[in-house]
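Below, each chain spelled out in residue letters.
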Amino acid sequence: MRRRHQRRRARPGTSPGTLTIDPGAPKPRIRVTAYRPEKVVEHEVDGVGALRELLGRWPVVWVNVDGLGDEATLRELGELFGMHRLALEDVVNVVQRPKVEPYDEHLFIISRMALAEQHHPTEQVSLVLGENYVLTFQERPGDCFEAVRERIRQGQGKLRRAGPDYLAYALLDAVVDSYFPALEQLHEQLERLEERIFAEPDEQTAAEVQRIKGDLRHLRRAAWPHRDAIGLMLREESRFITPATRVYLRDVVDHAQHVNDLLTTYYELGLDLMNAYLSSVSNRMNEVMKVLTVMAAIFIPLSFLAGIYGMNFDPAASPWNMPELATRYGYPVLLLVMALIGIGLLLYFRRRGWVGRSRTRRRWNKH
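We now examine helix α6 (residues 179-199). The terminal C-alpha atoms of α6, which comprises 21 residues, lie 30 Å apart, in line with the 30 Å expected from a rise of 1.5 Å per residue. What α6 keeps buried is the set Y179, A182, L183, L186, Q189, L190, L193 and I197. Angularly, the buried residues of α6 cover 125° about the axis, an arc narrow enough to put them on a single face. Facing away from the buried side of α6, by more than 90 degrees, are the exposed residues E184, E195, F198 and A199.

The following block contains the structure:
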């Protein structure tokens, strides 16, 4: 059975803003990318204090935090960027569904990134959008943002010329697009299982289909709210998002809808494959039962004849007491009659299509 990742939750009734840190969570690694149209600076910092100078000197500062295993560092980041205590609590509580929360000092966004790992199909990515910064929190190192980083380094597109809201759009677009490779991989697995189901179905094939259905359910729960969350950013006015960026956010909504459609289609395909497996097993059982029934039907008249000749009659006592017992060739004649009866029944069953291919199927194959 595939292990499920255990999440730590705060105790019921705890004070709002309480941070419940998972002891197994990795320690935070802070990576900073600051840029303007003509220059970009990218490096890793040891502490929060080094971020203060960057916030005032660069028009756009992207601070990415990998790991949520240090409460002190997280609280320092929250104080530096003016994060609301409830937003910081949601960052640590990594079972959130995608949503958008507007605050006075920033716009708080939670999304879920698709991964290729079995034990962690998705990972929470928290994004804080401010006046001149974007702050992202991830559960562990490794993400889908490398293409965005490369665009910043190379100065491709309008990333270096746009503001932090456009960077937030690019990151959200990368998160939504991370579902496509995962879905493509699951689709390929479903196609291979489909061939196995119709060729040689077994219990392992059914277990694989069930596993993929579980992954699809997990991805669907994670991906489905993205469309509504990003749609809220389009509908609600916010000083952190410019009208020019809203046009691009509409494209993210379209991608999210496409992901949802694919998830629904592939999940239904998984249901169809499971039904096909059950039907295939049932058909194989029916074929076995049909063969056994035909064999029993052939042996019924043969058993009848053998039963008659097994009765204790004496032809010397009366000419009506089975005179065939005294016939010179009675035994081979009886065997011949029994063989003809068996062959005749077998040909009759085959002609009716009960054994082998029916005439209709042979005629269809000729066409």
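Attention now moves to the packing of helix α5 (residues 164-177) against α6. Running from N to C, α5 and α6 cross one another at 5°; their axes reach a closest spacing of 5 Å. Relative to α6, α5 is oriented roughly parallel. Between α5 and α6, the residues in contact are V175, V176 and D177 and Y179, F180 and P181, respectively. Of the residues that constitute the contact of α5 with α6, the class distribution is five nonpolar, no polar and one charged.

Assignment of secondary structure puts R221 in helix α7 (residues 203-235). Judged by relative accessible area, R221 falls into the exposed class, the value being 57%. It is 41 Å that separates the C-alpha atoms of R221 and R57, two residues lying 164 residues apart in sequence.

The next thing to look at is the packing of helix α8 (residues 243-309) against helix α9 (residues 330-351). Where α8 contacts α9, the axes come no closer than 9 Å and their chain directions differ by 160°. The angle between α8 and α9 places the two elements in the roughly antiparallel class. Seen along the crossing, α8 lies across α9 with a hand that is right-handed. Counting all contacts with α8, which are made through V294, A297, I298, P301, L302, L305 and Y309, the residues of α9 involved are L334, V337, M338, I341, G342, L345, L346 and F349.

What follows is about the nonpolar core. Here is a general trend for soluble globular proteins: nonpolar side chains tend to be buried in one another's company. With 60 residues, the main nonpolar core has L167 and L216 as its most contacted residues. At the level of elements, β3 (60-66), β5 (107-114), β6 (122-129), α4 (146-154), α5, α6, α7 and α8 are the ones that each hand at least two residues to this core. Considering each element in turn, this core owes the most residues, 13 residues, to α8. With residues near it in sequence (within four places) discarded, L167 still touches Y35, V60, W62, V134, V148, I152 and L159. Within the second largest apolar cluster, 32 residues are counted, among which are M83, A87, Y103 and F108.

With that out of the way, let us pick up the side chain of Q124. Mapped onto the elements of the fold, Q124 is located in strand β6. At a separation of 3.3 Å, a polar atom in the side chain of Q124 contacts the side chain of S126. Setting aside its immediate chain neighbours within four residues, Q124 contacts D90, V91, N93, V94, V95, Q96, I110, S111, R112, F137, Q138 and E139.

What follows concerns the sheet that holds strand β2 (residues 39-45). Sheets are built from strands paired through backbone hydrogen bonds, the pairs being either parallel or antiparallel. Overall, mixed pairing links the seven strands, which are arranged β2-β1-β3-β7-β6-β5-β4 in an open sheet. Each of the sheet's edge strands pairs with one partner strand only, and the pair in question is β2 and β4 (99-102). Going from strand to strand, the sheet's axes swing by 15° on average, the running direction of each strand aside. Sheet analysis places β3 next to strand β7 (residues 133-138), joined by six bridges and oriented parallel. Counted as the bridge partner of V61 is Y133 from β7. In the packing of α7 onto the sheet, the strands contacted are β4, β5 and β6, and the crossing angle to β5 comes to about 150°.

Turning next to a nonpolar patch on the surface. A surface patch of nonpolar side chains, about 680 Å² in accessible area, is lined by M285, V288, M289, V291, L292, M295 and F299. Topologically, M295 is positioned in helix α8. In this structure M295 comes out as partly exposed when scored by relative accessible area, which is 43%.

Here we take up the pairing of strand β1 (residues 29-36). Pairing between β1 and β3: seven bridges, direction antiparallel. Paired with Y35 across the bridge in β3 is V60. Hairpin connection, β1 to β2: the antiparallel pair is bridged by two residues.

Most of β6 sits inside the fold, with eight of its eight residues counted as buried. Side chains T122, Q124, S126 and V128 of β6 all project onto a buried face; the interleaved residues E123, V125, L127 and L129 project onto the opposite face, where all are buried too. Across eight bridges, β5 lies against β6 in antiparallel orientation. Bridge pairing links S111 to V125 in β6. Note: β6 against β7, five bridges, orientation antiparallel.

Cut-offs and rules
- Residues numbered from 1 in each chain as written.
- Predicted model: local features only at pLDDT ≥ 70, side-chain atom pairs only at ≥ 80, totals over all residues.
- Heavy atoms only, no water.
- Helix = DSSP H or I, 4+ residues; strand = E, 2+ residues; numbered from the N terminus.
- Expected span 1.5 Å × (residues − 1).
- Buried < 20%, exposed > 50% of the residue type's maximum accessible area, 1.4 Å probe, protein only.
- Arc of directions from axis to C-beta.
- Axes fitted to C-alpha atoms, helices over the stretch in contact; angles between N-to-C directions.
- Parallel < 35°, antiparallel > 145°, perpendicular 65-115°, else oblique.
- Contact = heavy atoms within 4.5 Å.
- Nonpolar A, V, L, I, M, F, W, Y, C, P; charged D, E, K, R; others polar.
- Left-handed = near helix turned anticlockwise from the far one by under 90°.
- Core = buried A, V, L, I, M, F, W, Y, C linked by side-chain atoms within 4.5 Å.
- Polar contact = N/O pair within 3.5 Å; in protein donor to acceptor, adjacent residues only side chain to side chain.
- Pairing = 2+ DSSP bridges.
- Patch = residues over 30% accessible without salt bridge, like charges linked within 9 Å, V, L, I, M, F, W, Y side chains within 5 Å.
- Areas by Shrake-Rupley, 256 points an atom, 1.4 Å probe, with all protein chains shown as cover.
- Salt bridge = Lys/Arg side-chain N within 4 Å of Asp/Glu carboxyl O.

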